[in-house]
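Results of the structural survey
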Amino acid sequence: MTNITLRQLRFVDALARFRHFGQAAEACSVTQPALSMQIKALEDGLGAKLFERGARQVRLTGLGEEIAARARDILRAVGELEDVARTRRDGPGGRLRLGVIPTIAPYLLPRLIRDLGARYPGVDLQLRETQTERLIAELRDGRLDTALVALPVSEPGLTEVALFSEGFVLVRPEAEAGRPVPAPAALPDMQLLLLEEGHCFRDQALEVCGLRTGARHAGLDGSSLSTLVQMVGAGLGVTLIPEMAVGVETRGASVAVQRFETTRPARTVGMIWRSTSALAAELHDLAEVVRQSAEAMYDAARLG
């Protein structure tokens, strides 16, 4: 059996994730023939197939599943070694792979990027916006250093640091601005508009209304907070959005923004990272920068 290289393991990991040679090759910044040749060389060396090549899809064999899982562990360990070296060499101003959920990214990132650049000149910031479940998977695989999410995630092996609490506001059609603010439990009777399944903010909105997380919802679903606000402006119902989104999403929309009178539905925003990360000390410092950026964002919104 020939020696297995890290390059081959990276190719196996990419192909296992994408199940498509072209997409895996693009993710690895190589040509498709180069990736295919390395995969075949590894299979020849092992004396067994790792992937079943179909006309439309690539599937892992039983051995392929095991090799891919072990490859992820090896690549994650190598990544942690690289983190140690990077931290000693570059300090906090080196590469930072940051994941952010979609209900935070458009609102906090503009200020945070500026503040990070001022605090850590020369930082190589690599951003990834996607849903919490994917961010957690990419953290575990070593493809991200940290992520900004709504807490808790309660995942073994991940450190959680709470940063700030953020209230939810009610968005209604502009014509309803003068009406009393309903209790959260009454919202489902008012055609509550939610984000589509997979967004943690959907589950948080359901909880606010006293509905079970993951419960079926008969109303209309949107792919973004912007879509929800526009649907409200068109008179299709009401929705909840986080306070940080108000200035961006309701500007120019025919909607009324109202705060709840008796209860204050809210979420906790925080950072998560692998508990074994060599960047833990730097990430704690980064968490403080994020907290300060959020405070400045809210201060600017109040003054505006």
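Please refer to the structure higher up on the page.
Here the structure is a predicted model, which is why all the values come from computation and not from measurement. (Residues numbered from 1 in each chain as written. Predicted model: local features only at pLDDT ≥ 70, side-chain atom pairs only at ≥ 80, totals over all residues. Heavy atoms only, no water.)

**A short note on the overall build of the chain**
A count of helical and extended segments in the chain gives 10 helices and 11 strands. When the backbone C-alpha atoms are referred to their principal axes, the chain occupies close to 75 × 45 × 30 Å. Each of the 304 residues in the chain was classed as buried or not, and the buried ones make up 46%. As displayed, the chain has an accessible area near 15200 Å², and 50% of this comes from carbon and sulfur atoms. (Helix = DSSP H or I, 4+ residues; strand = E, 2+ residues; numbered from the N terminus. Buried < 20%, exposed > 50% of the residue type's maximum accessible area, 1.4 Å probe, protein only. Areas by Shrake-Rupley, 256 points an atom, 1.4 Å probe, with all protein chains shown as cover.)

**What about the pattern of salt bridges?**
Throughout the structure, instances matching the rule amount to 16 salt bridges. Salt-bridge contacts for Arg-97 lead to Asp-145; the nearest nitrogen and oxygen are separated by 2.9 Å. Of this pair, Arg-97 sits in strand 3 (residues 95–100) while Asp-145 sits in the loop between helix 6 (132–140) and strand 5 (146–151), placing them 48 residues apart in sequence. Linked by salt bridges that have partners in common, Glu-43, Lys-49 and Arg-53 make up one network. (Salt bridge = Lys/Arg side-chain N within 4 Å of Asp/Glu carboxyl O.)

**Section: helix 3 (residues 32–46)**
The first and last C-alpha atoms of helix 3 sit 21 Å apart over 15 residues, in line with the 21 Å expected at 1.5 Å per residue. Along helix 3, the positions that sit buried rather than exposed are Leu-35, Ile-39, Leu-42, Glu-43 and Gly-45. Relative to the axis of helix 3, the buried residues are bounded by an arc of 165 degrees and lie together on one face. When the buried face of helix 3 is taken as reference, the exposed residues oriented beyond 90 degrees from it are Pro-33 and Met-37. Structurally, helix 3 contributes buried residues whose contacts are with helix 1 (6–18), helix 2 (21–27) and strand 1 (51–53). Between the side-chain oxygen at the start of helix 3 and the backbone nitrogen of Ala-34 there is a gap of 3.2 Å, and the oxygen is on Thr-31. Where helix 3 terminates, the next one or two residues include Gly-47, which has phi positive at roughly 75 degrees. (Expected span 1.5 Å × (residues − 1). Arc of directions from axis to C-beta. Contact = heavy atoms within 4.5 Å. Polar contact = N/O pair within 3.5 Å; in protein donor to acceptor, adjacent residues only side chain to side chain.)

**Thoughts on helix 6**
Turning to helix 6, its buried residues are Thr-132, Leu-135, Ile-136, Glu-138 and Leu-139. The buried side chains of helix 6 occupy one side of the element, clustering within an arc of 165 degrees when seen end-on. Exposed positions of helix 6 whose direction lies more than 90 degrees from the buried face are Glu-133 and Arg-134. A positive backbone phi angle near 80 degrees is found at Gly-142, which sits one or two residues after helix 6.

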